[in-house]
Amino acid sequence: QVQLVESGGGLVQAGGSLRLSCAASGSIFKINRMYWYRQTPGRQRSMVASISTSGDTNYGDSVEGRFTISRDNANNTIYLQMNSLTPEDAAVYYCKYADYLSLDDYWGQGTQVTVSS
């Protein structure tokens, strides 16, 4: 089992920045990929960014160039630096851990990001 705890959400004005964190604990396999997803009411979760243990990153089209995902492997923590936020970025942001050994996915409880115009 893997537990994920997100933090860093909040209210920010359009054009501002926020930094999200997600700390993983439990049965962490040394090779894994972690993700940030987001979801607004009535819509499916969409992938925002992902990062492997080797540092390989991938971004959704709508955030590339504005958001940066990073990780601290020693502390099993990933971050999402979000810059130039727009009201369209407002959502609940979820962290996901993909275990390459068991092929299970684990999700955090989500953190709310609100962007005022």
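Provided above is the structure to which this section pertains.
Please read these numbers as outputs of a predicted model, since none were measured by experiment.

Analysis parameters
Residues numbered from 1 in each chain as written. Predicted model: local features only at pLDDT ≥ 70, side-chain atom pairs only at ≥ 80, totals over all residues. Heavy atoms only, no water. Core = buried A, V, L, I, M, F, W, Y, C linked by side-chain atoms within 4.5 Å. Buried < 20%, exposed > 50% of the residue type's maximum accessible area, 1.4 Å probe, protein only. Helix = DSSP H or I, 4+ residues; strand = E, 2+ residues; numbered from the N terminus. Contact = heavy atoms within 4.5 Å. Pairing = 2+ DSSP bridges. Salt bridge = Lys/Arg side-chain N within 4 Å of Asp/Glu carboxyl O.

Attention now moves to the nonpolar core. If you look at the biggest cluster of nonpolar residues, it comprises 27 residues, and the most contacted ones within it are Leu-4, Trp-36, Leu-80, Met-82 and Tyr-93. When contributions to this core are tallied by element, the ones reaching two or more residues are β1 (2-7), β3 (18-26), β4 (32-39), β5 (46-52), β7 (67-72), β8 (77-82), β9 (91-99) and β11 (111-116). Excluding residues within four positions of it along the chain, Leu-4 makes contact with Cys-22, Ala-23, Ala-24, Met-34, Cys-95, Lys-96, Tyr-97, Tyr-106, Trp-107, Gly-108 and Gln-109.

Our focus in this paragraph is the pairing of β4. By the criterion of burial, β4 is predominantly enclosed, with seven of the eight residues buried. In the sheet, β4 pairs with β5 via six bridges, with the strands oriented antiparallel. Bridging across to β5, Tyr-37 finds its partner in Met-47.

The next point concerns the pattern of salt bridges. In the structure shown here, the tally under the stated rule is four salt bridges. For Arg-33, the salt bridge goes to Asp-56, with nearest N and O atoms at 3.1 Å. With Arg-33 in strand β4 and Asp-56 in the loop between β5 and β6 (57-59), the pair connects residues that are 23 residues apart, well separated along the chain. Relative accessible area serves as the criterion here: at 11%, Arg-33 is assigned to the buried category. Classification of Asp-56 as partly exposed rests on a relative accessible area of 42%.

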